[in-house]
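One letter stands for each residue in the lines below.
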Amino acid sequence: MSPSPARRLLRRSGALLAAAPLLASLPLLPAAPAAAATPTAASASATGTSTVDVAVNKLSPSAPTEDDTLTVVGKITNNGKQAVTDAHVALRVGAPYGGRSAIEDATKSGTGGAPDGREVASKYAQKVAELAPGATRDFTLSVPAEALELDADGVYQISVALMGQTAAQPYAQTLGIQRTFLPWQPGGADTRTKTTVLWPLISDTHLTAETGADEEQTPVFDDDSLAKQIGPGGRLQQMLALGSDLDVTWVIDPDLLASVDAMTESYKIKGANGRLTSGKNQATAKQWLSDLQTAVRNQKIVTLPFADPDLASLAHNGTKVTGSLSHLKDATDAAVQTVDTILHMKPDTSYAWPAEGAVDPDIVKVATSAGADKIIARSDTFREGDNLAYTPSAARPIGGGATAVVADARLSNAFRSDMTRAESSTLAVQEFLAQSLMLNLQTDKQRSVVVAPQRMPTASQAQTMAQALHVLQAGTWSQSQTLSAAAAAKPDPGAATSVPSARSYPKSLRKQELSESAFQQMQSTQRELENFKVVLTDESRVVTPFGRAMDREMSTSWRGRSGASSALRNSVGGYLSGLTEQVALIDKSTVRLSGRSATIPVSVQNNLWQDVDHLVLRLTSDNGTRLQIGGGTWQDQQVKVASGHSQSVKFTTTAKATGPIKVYAQLFTEDGHPYGAPVPFTVEATEVTPTVMLVIAGGFLLLVLAGFRMYTQRKRAAAKPDDDTPQGDSETAAQDEPADESASTARADVPQQPSDPTADTASESTAPSGPGERVDR
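Residues numbered from 1 in each chain as written. Predicted model: local features only at pLDDT ≥ 70, side-chain atom pairs only at ≥ 80, totals over all residues. Heavy atoms only, no water.

### Overview of the overall build of the protein
Short version of the rule: Starting at the N terminus, helices and strands are each numbered in turn, a helix being any DSSP run of H or I of at least four residues and a strand any DSSP run of E of at least two. Relative accessibility thresholds used throughout: buried, under 20% of the residue-type maximum; exposed, over 50%; partly exposed, between the two (1.4 Å probe, protein chains only). When checking whether two residues touch, look at their non-hydrogen atoms; a contact exists if any pair is within 4.5 Å. Areas reported here follow the Shrake-Rupley algorithm with a probe of radius 1.4 Å; residue values treat only the protein chains shown as occluding.
For the protein, the count of helices and strands is 22 helices and 30 strands. Residues counted as buried form 45% of the 777 residues belonging to the protein. Taking all contacts inside the protein whose residues are at least 6 apart in sequence as the whole, residues at least 24 apart take part in 77%. Carbon and sulfur atoms make up 51% of the accessible area of the protein, which totals about 37600 Å².

Take a look at the structure:
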């Protein structure tokens with residue numbers, strides 16, 4: 001034996017030897033004689049502990065040293081129907097626990113059973129003269145650590161008990177008791193446990209797939225609860241502020257970063273009635289992100305895939321649906337980009353964290369498919385064999401180059417209950433510290449231990465965790481370590497390394513998983529998105545928000561919330577369908593053709609905020625023998641429509657027979673997938689007989705001949721001279737008649753043509769015009 005273990009063994013042996021006379025001398029203590037006087041008194045001592053409720057609301061310091069004074073603050077409440085008299089509240093100290101399981105068992109009986117241990121000297125007790133039914137009294141006990149008479153390092157049971165009597169039982173008895181734990185390691189431990197604490201910044205889904213109808217694509221939130229969480233006193237604000245003062249490993253969901261970042265600019269909130277209102281918490285979002293950047297500066301952070309996808313749901317149900325696994329790889333890539341853009345740092349994406357740390361071979365396979373080679377599990381999944389007498393280090397090689405980082409279940413689950421009551425918080429802190437110290441006392445071999453708390457602690461749970469970690473990190477038996485160091489630590493040879501079978505996966509967790517039908521609905525949305533994006537000139541406006549929305553549909557936060565998760569999937573799918581319907585064919589009424597050939601226009605409307613291209617419009621005849629389109633049964637034409645406009649596409653048709661014929665207009669993507677529903681309409685073809693065509697042609701010919709005849713007659717009349725007026729007489733008459741002033745003016749303004757036969761060429765003249773004359777029409 002080395003000197004340190006020998007010294008520790010002597011201390012433990014001394015504590016056990018000292019415990020024997022202490023237990024033997026219990027009848028000599030003030031409370032003991034009455035208890036030993038009669039069997040009735042002993043029975044009352046064991047069963048009467050629920051008469052008075054004893055609440056320990058504060059214990060300070062949580063892990064005292066030899067020079068400290070232990071202060072216990074709390075309340076006593078008389079729940080009985082009789083007054084309690086001649087009572088006092090005192091501190092009792094029991095023997096040290098022998099192992100971690102004993103601590104866990106003691107937690108379950110914290111307020112029941114007979115008193116145990118010895119009562120500390122009566123001068124440190126607080127007297128209670130009378131406690132009426134329903135009455136409450138505060139108490140404060142201050143006891144020097146040396147008065148506790150603790151010797152060997154270990155975890156001691158301490159309890160606060162109320163001794164008193166009632167009219168029905170007029171003898172001293174224990175009427176109320178509350179047990180807790182006191183870690184005792186006054187000197188530095190010879191070997192300290194390396195402890196890694198995960199500090200998760202994870203939230204449920206807040207952003208919708210919907211964006212504002214503007215060029216900036218203003219984000220839309222389903223409510224404004226995220227602003228409360230990152231605001232003063234909120235859960236996420238507390239997690240950030242408390243974690244900044246601790247030595248922890250940050251585990252961040254990039255979806256939370258993206259959501260808060262979206263709040264720093266203009267954003268909308270969707271009310272229950274569907275109306276959008278403007279968000280007003282930009283300053284809060286900016287402050288939270290700024291505080292986060294300061295907190296994680298120069299630190300290594302672990303980033304989960306975007307929106308923290310449920311790996312177990314994917315493994316058990318998603319792999320049955322084609323394409324589901326591709327979302328996990330996309331979510332991992334999106335995580336890196338998001339963290340780099342917002343926090344300006346490269347995150348560690350090599351970790352996968354299944355729900356509750358429960359794993360099986362299928363979960364491991366899915367987790368590593370996206371590039372992770374370290375899986376955060378929990379020790380209640382990797383159960384150790386009987387051959388290992390201590391808690392092994394966290395790292396376990398599980399084959400295929402993967403490592404399971406197994407968090408300690410007892411430490412990780414210490415803060416899951418309601419911590420809003422001071423009593424619950426105080427007891428949780430003491431139990432956590434007790435388990436940590438007892439783990440360190442198991443062996444002199446140094447180990448690496450990981451604490452992985454619940455993904456989304458409440459504000460009170462976070463405060464309790466921080467209180468416990470402050471004591472632990474300032475204590476004498478533990479030292480902090482990063483997650484990467486814990487994962488790289490040398491594994492214990494005797495630790496369990498076999499991944500549990502699928503049959504051992506907890507049924508309670510299986511019931512919370514996303515169903516296969518949920519993944520089928522996601523697959524349908526993905527197919528619609530694929531068809532939609534190929535027609536867009538800027539697909540990023542749609543692919544990015546909908547890709548992240550489908551990541552959110554797979555989030556671990558939906559566990560146990562099937563109704564809410566279904567509502568999100570319906571919302572995403574419905575919004576996408578609404579967008580695709582913004583590019584559609586305009587309905588047509590019956591088209592009538594009077595002849596063998598005609599042109600049929602079909603219009604495409606685009607109400608999106610961007611142009612659409614790579615669309616094909618197909619017009620198909622229901623009977624290609626009776627009505628041909630473009631020389632066949634159907635014809636395709638390329639379509640490109642500007643934003644907010646419609647485009648008319650014309651098809652040449654040939655009717656071979658009369659009567660109604662059904663025609664279908666259908667949009668397709670260039671790769672042949674239908675886009676939207678087909679639009680049917682009727683073409684009514686009417687026959688034009690040869691006789692009717694001859695009559696029409698004859699009438700047209702007659703009109704042409706009549707026009708030609710009239711034209712020649714006018715030309716001849718204009719060129720023929722007046723035979724009744726000699727040339728000389730005409731000139732004499734022109735000189736003898738006085739000139740009209742207006743006529744003279746007209747001739748001066750309008751150049752006279754040599755072919756004008758007369759001075760008057762007014763518009764009412766029936767004579768044909770000369771070659772250069774102007775004519776009003």
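From this point, the narrative continues.
### Some words on empty space enclosed by the protein
Quick note on the threshold: Space inside and on the surface of the protein is sampled on a 1 Å grid over the protein atoms alone, with a cavity defined as a set of points where a 1.4 Å probe fits but cannot get out and a pocket as an open set with protein on both sides within 12 Å along at least 5 of 7 lines; lining residues have an atom within 4 Å of a point. Grid points are joined across faces, edges and corners, and a volume is the space filled by probe spheres set on the points.
Taken as a whole, this structure holds three cavities of 30 Å³ or more when the rule is applied. As for the largest cavity, its lining consists of 15 residues, of which P305, L311, L328, Y351 and A352 are closest to the centre. At the level of elements, helix 10 (324–343) and strand 16 (351–352) are the ones that each hand at least two residues to the lining of the largest cavity. In this model, the second largest cavity occupies a volume close to 40 Å³. If you trace the second largest cavity, you find it lined by T193, T195, L411, F432, S436, L439, V449, V451 and L472.

### Some points on the sheet that holds strand 23 (residues 591–594)
Rules: Note on pairing: DSSP must find at least two bridges between two strands before they are called paired. Think of each axis as a best-fit line through the C-alpha atoms, taken over the contacting stretch in the case of a helix, with angles from 0 to 180 degrees between the N-to-C directions.
Pairing within the open sheet is mixed, and its five strands lie in the order 23-30-29-25-27. Pairing within the sheet leaves two strands with one partner each, and these edge strands are strand 23 and strand 27 (634–641). In this sheet, neighbouring strand axes are inclined to one another by 30 degrees on average, regardless of whether the strands run parallel or antiparallel. Judged from the seven bridges that link them, strand 25 (residues 612–621) and strand 29 (residues 659–669) form a sheet pairing that is antiparallel. Within the sheet, the bridge partner assigned to L619 lies in strand 29 and is A665.

### Topic: the packing of helix 7 (residues 254–263) against helix 10
The condition that has to hold: Should an angle fall under 35 degrees it is called roughly parallel, over 145 degrees roughly antiparallel, and 65 to 115 degrees roughly perpendicular, with every other angle called oblique. Each crossing gets its hand from how the near helix is turned against the far one by less than a right angle, where anticlockwise is left-handed and clockwise is right-handed. Lys, Arg, Asp and Glu make up the charged group, whereas Ala, Val, Leu, Ile, Met, Phe, Trp, Tyr, Cys and Pro make up the nonpolar group; the residues left over, Gly among them, are polar.
The N-to-C vectors of helix 7 and helix 10 enclose an angle of 45 degrees; their axes lie 9 Å apart at closest approach. The angle between helix 7 and helix 10 falls in the class oblique. Crossing hand, helix 7 versus helix 10: left-handed. Only A335, T338, V339, I342 and L343 of helix 10 make contact with helix 7, whose side of the interface consists of P254, L257, A258 and D261. A breakdown of the residues in the contact of helix 7 with helix 10 according to their chemical character gives seven nonpolar, one polar and one charged.

### Digging into the nonpolar core
The following threshold applies: As used here, the term nonpolar core means buried Ala, Val, Leu, Ile, Met, Phe, Trp, Tyr and Cys residues forming a set that is joined through side-chain atoms within 4.5 Å.
Formed by 71 residues in total, the largest nonpolar core has its most connected members in F532 and L617. The residues touching L617, leaving out its near neighbours within four places in the chain, are L585, V602, V604, Q635, D636, Q637, V639, V649, F651, A665, Q666 and L667. In this structure, L246, M263, V296 and L433 belong to the second largest nonpolar core, which totals 61 residues.

### Observations regarding unusual backbone geometry
Cis geometry marks the peptide bond from S60 to P61; its omega dihedral reads -10 degrees. Tracing the backbone shows P61 in the loop between strand 1 (52–60) and strand 2 (69–78). For E149, which is not glycine, the phi dihedral falls at a positive 55 degrees. Even without being a glycine, H344 presents a positive backbone phi close to 60 degrees.

### Side note on the layout of surface pockets
Put simply, the second largest pocket is a space of about 760 Å³. The wall of the second largest pocket is formed by 25 residues, among which L207, A258, A262, T544 and R548 lie closest to the centre. In terms of residue class, the lining of the second largest pocket is built from ten nonpolar, eight polar and seven charged.

### Observations regarding the sheet that holds strand 1
One open sheet accounts for three strands, arranged 1-2-6; its pairing is antiparallel. Either end of the sheet is taken by a strand with one partner, and the two such strands are strand 1 and strand 6 (136–144). When the angles between neighbouring strand axes are averaged without regard to direction, this sheet yields 20 degrees.

### Some thoughts on the packing of aromatic side chains
Note the following rule: Note on aromatic pairs: the rings of Phe, Tyr and Trp (six-membered ring only in Trp) are paired at centre separations within 6.5 Å, and the planes decide the class, stacked below 30 degrees, edge-to-face beyond 60, tilted for the rest. Geometrically, a charge over a ring is one whose NZ (Lys) or CZ (Arg) sits within 6 Å of the ring centre while staying within 35 degrees of the ring normal.
Scanning the entire structure with this criterion turns up five aromatic pairs. Aromatic side chains F415 and F432 sit 5.2 Å apart centroid to centroid with 40 degrees between the ring planes, which places their arrangement in the tilted category. With a gap of 17 residues between them, F415 in the loop between helix 12 (409–412) and helix 13 (422–441) and F432 in helix 13 connect regions that are remote in the sequence. You'll find F415 and F432 in the same group, each marked buried. Between the NZ or CZ atom of R618 and the centre of the ring of W634, over which it lies, the distance is 4.5 Å.

### Regarding the packing of helix 6 (residues 235–243) against helix 14 (residues 459–473)
Where helix 6 meets helix 14, the axes come as close as 8 Å, and the angle between the chain directions of the two elements is 10 degrees. Overall, the two elements helix 6 and helix 14 adopt an arrangement that is roughly parallel. Crossing angle aside, the handedness with which helix 6 passes helix 14 is left-handed. Listed contacts from helix 14 to R235, Q238, M239 and L242 of helix 6 are A459, A462, Q463 and A466. Classifying every residue of the contact of helix 6 with helix 14 by side-chain character gives five nonpolar, two polar and one charged.

### Some details on the confidence of the model for the protein
Spelled out, the test is: Summary of the metric used: pLDDT quantifies the predictor's per-residue confidence within the range 0 to 100.
Per-residue confidence for the protein gives a mean pLDDT of 85, with 84% of residues at or over 70. Note on residues 1–48: pLDDT is under 50 here. Beyond four places in sequence and across chains, it has 44 contacts. Here residues 723–777 scores under 50 on pLDDT; set against residues more than four positions off or in separate chains, the count is 17 contacts.

### Brief notes about a nonpolar patch on the surface
To keep things clear, this is the line we draw: A patch consists of residues whose relative accessible area exceeds 30% and which take part in no salt bridge; residues with like charges are grouped when within 9 Å of each other, and nonpolar side chains (Val, Leu, Ile, Met, Phe, Trp, Tyr) when within 5 Å. Whenever a carboxyl oxygen of Asp or Glu lies within 4 Å of a side-chain nitrogen of Lys or Arg, that contact is scored as a salt bridge.
On the surface, L701, L702 and L705 cluster together to form a nonpolar patch covering roughly 320 Å² of accessible area. Checked against the element boundaries, L701 lands in helix 20 (residues 690–719).

### Digging into the environment of S393
Quick reminder of the rule: The definition of a polar contact used here is a pair of N or O atoms within 3.5 Å, where within protein one atom must be able to donate a hydrogen and the other to accept one, and adjacent residues in sequence count solely through side-chain atom pairs.
Along the chain, the position of S393 falls in the loop between strand 17 (374–378) and strand 18 (395–399). Taking the relative accessible area as the measure of exposure, S393 reaches 4% and is therefore buried. Residues S393 and P491, 98 residues apart in the sequence, show an inter-C-alpha distance of 6.2 Å. Look past the residues within four positions of S393 in its chain and what remains in contact with it is R447, S448, K490 and D492. From its side chain, S393 meets the backbone nitrogen of S448 in a polar contact 3.1 Å long.

### Observations regarding the pattern of salt bridges
Counting across every chain of the model gives 21 salt bridges. One salt bridge in this structure joins D333 and K329, with 2.9 Å as the shortest N-O distance. With D333 and K329 both in helix 10, this residue pair falls four residues apart, about one helical turn. Relative accessible area serves as the criterion here: at 39%, D333 is assigned to the partly exposed category. Judged by its relative accessible area of 40%, K329 falls in the partly exposed class. Across the pair D636 and R618 runs a salt bridge, and its minimum N-O distance is 2.8 Å. Taken together, the positions of D636 in strand 27 and R618 in strand 25 put the pair 18 residues apart, joining distant regions of the chain. With relative accessibility at 30%, the residue D636 sits in the partly exposed group. The exposure class assigned to R618 is partly exposed, which follows from its relative accessible area of 26%. Residues joined in a network through salt bridges with shared partners are E356, R378, D380 and R416.

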